[in-house]
There are 2 protein chains.
Amino acid sequence: MRDCHKWGQKFQNYGLRLTISREAILEVLINTDKHLSAEDIFMAVHSNNPAIGLTTIYRTLELLKQTGIVTKFEFGHGKAKYELTEEYSKKKHHHHLICKKCRKVVDYTDFIMEEKEYINKAATGMQNKFGFDIDTHIIHFYGICPECKAE
Amino acid sequence: MRDCHKWGQKFQNYGLRLTISREAILEVLINTDKHLSAEDIFMAVHSNNPAIGLTTIYRTLELLKQTGIVTKFEFGHGKAKYELTEEYSKKKHHHHLICKKCRKVVDYTDFIMEEKEYINKAATGMQNKFGFDIDTHIIHFYGICPECKAE
DNA sequence: TCTGATAATGAAAACCATTATCATTTTGTA
DNA sequence: TACAAAATGATAATGGTTTTCATTATCAGA
């Protein structure tokens, strides 16, 4: 990687330090296209940096969430999953497709224009109706994946 | 109430019994327009039926979820919330608007046609692309409510 | 109505992801 | 280099949810 300028900057602005642990965690997040739990990240980091504890993973993820670098998702299966926000990720804007049986999560990137249209209308509507300022939305689709269907 | 035929039927089909506890829990769910946690339901049930324990609440909610009578939501603040599915509820199809500060949840029912259009396209797309059978989706909007903004 | 098989229940303990505590180490800066 | 602030790891605590297990309620058939 060695491309931490963007975060380095962000960390500075928040008075935070860019430490080995934090770099290692970011590196894991950058080099995956999966949806990792804190424990997944812990194990990935652990292979190179056995000294980094699970507590630090959680703390750092919380920090990264607060600075808008990662998003935390709860798919409803106990463990939360984390991924880089659009601004910091190579991934396109996407939603999640979750298999109710095996809990696999797949990204879905089509029909973004249609989605934007709907979301904008809805967000404006809510602004007017309730005075809520909307800044994020999530869309999850639940179903059964082909592998589980085949069983 | 005394209008349990629909569930009574459903319970029968699954070889389940329609007990006092289950009726009491359903009654609470019917007579609210809020998003209740297991504990909320426990407390509501407890006033009339002090003998019913929290374990039964959890077990029953899981059962109701499996039979498609209630939906479980995880808004990401610890406790899961439950509400009747559309088929069994007086509520219209709606989505959730969640205040990130005070965690209030508000229902939002507008722009359903636009939503349907987008969701149908997306669901069909996913069917074709991944072979996933989609049967539910959730849309959550996150923001700051007017009360929290005022503070 | 009784009876036995099965399902449902409550209390308590177990679970397990996440958070808080606190003493120690690391970091950036004077 | 020295010092204050931030970061860390090990451990304990938290808290919502599940399991366990002995007891009780329910239903179908005799």
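Look up a bit, the structure's there.
We now turn to the structure provided with this report.

Criteria and thresholds
Residues numbered from 1 in each chain as written. Chains lettered and ligands numbered in written order. Predicted model: local features only at pLDDT ≥ 70, side-chain atom pairs only at ≥ 80, totals over all residues. Heavy atoms only, no water. Core = buried A, V, L, I, M, F, W, Y, C linked by side-chain atoms within 4.5 Å. Buried < 20%, exposed > 50% of the residue type's maximum accessible area, 1.4 Å probe, protein only. Contact = heavy atoms within 4.5 Å. Near = heavy atom within 4 Å. Polar contact = N/O pair within 3.5 Å; in protein donor to acceptor, adjacent residues only side chain to side chain. Least-squares fit on C-alpha atoms with pLDDT ≥ 70 in both. Helix = DSSP H or I, 4+ residues; strand = E, 2+ residues; numbered from the N terminus. Nonpolar A, V, L, I, M, F, W, Y, C, P; charged D, E, K, R; others polar. Pairing = 2+ DSSP bridges. Axes fitted to C-alpha atoms, helices over the stretch in contact; angles between N-to-C directions. Parallel < 35°, antiparallel > 145°, perpendicular 65-115°, else oblique. Left-handed = near helix turned anticlockwise from the far one by under 90°.

A closer look at the nonpolar core
Looking at soluble globular proteins, one finds that nonpolar side chains tend to be buried together. One finds A:F141 and B:F141 to be the most contacted residues of the largest nonpolar core, which totals 30 residues. Setting aside its immediate chain neighbours within four residues, A:F141 contacts A:H95, A:H96, A:L97, A:I98, B:Y118, B:I119, B:A122, B:M126, B:I134, B:T136 and B:H137.

Some details on the protein's contact with DNA strand D
Of all residues adjacent to DNA strand D, which total 19 residues, the nearest are A:R22, A:A51, A:T56, A:R59 and B:Y58. Within 4 Å of the protein, the contacting atoms of DNA strand D are drawn from sugar and phosphate to the extent of 67%. Between DNA strand D and the protein, one listed contact pairs a phosphate oxygen with a backbone N or O atom of A:A51 at 2.5 Å. A distance of 2.9 Å is found between a phosphate oxygen of DNA strand D and a backbone nitrogen or oxygen belonging to B:A80.

Here's the deal with the relation of the copies chain B and chain A
When chain B is fitted onto chain A, the two copies agree to an RMSD of 0.2 Å after a turn of 179 degrees and an axial shift of 0.0 Å. Read as a symmetry element, the transformation amounts to a two-fold axis. Measuring from the rotation axis to each C-alpha of chain B, the shortest distance belongs to B:I139, at 2.3 Å.

Some remarks on the environment of A:I119
Within the secondary structure layout, A:I119 lies in helix α5 (residues 112-130). C-alpha of A:I119 to C-alpha of A:L36: the two residues are 83 residues apart in sequence and 27 Å apart in space. Aside from chain neighbours lying at most four places away, what touches A:I119 is A:H137, A:I139 and B:F141.

Structural notes on the protein's contact with DNA strand C
With respect to spatial proximity, 18 residues lie near DNA strand C, and among them A:Y58, B:R22, B:A51, B:T56 and B:R59 are the closest. Taking all atoms of DNA strand C within 4 Å of the protein, the share assigned to sugar and phosphate is 67%. In terms of residue class, the surface near DNA strand C is built from five nonpolar, seven polar and six charged.

Overview of the sheet that holds strand β4 (residues 95-99) of chain A
The sheet built from six strands is open, its strands ordered β5(A)-β4(A)-β6(A)-β6(B)-β4(B)-β5(B) with mixed pairing. On the outer flanks of this sheet lie β5 (105-108) of chain A together with β5 (105-108) of chain B, each paired with one strand and no other. Averaged over all neighbouring strand pairs, the angle between strand axes comes to 30 degrees, with direction disregarded. Pairing analysis gives four bridges linking strand β4 (residues 95-99) of chain B to strand β6 (residues 133-144) of chain B, with the strands arranged parallel. In the strand pairing of β6(B), B:I98 is matched with B:Y142. Taken strand by strand, α5(A) contacts β4 and β6 (133-144) of chain A together with β4, β5 and β6 of chain B, and its axis lies near 130 degrees from that of β6(A).

Looking at the packing of α5(A) against helix α5 (residues 112-130) of chain B
Their axes nearest at 9 Å, the elements α5(A) and α5(B) cross at an angle of 155 degrees. If you check the angle between α5(A) and α5(B), you find them roughly antiparallel. In this structure, the crossing between α5(A) and α5(B) has a hand that is left-handed. Together, A:E114, A:E115, A:Y118 and A:K121 of α5(A) and B:E114, B:E115, B:Y118 and B:K121 of α5(B) make up the contact between the two elements. Among the residues making up the contact of α5(A) with α5(B), the classes are represented as two nonpolar, no polar and six charged.

Bear in mind that shape data such as this cannot, by itself, settle questions of function.
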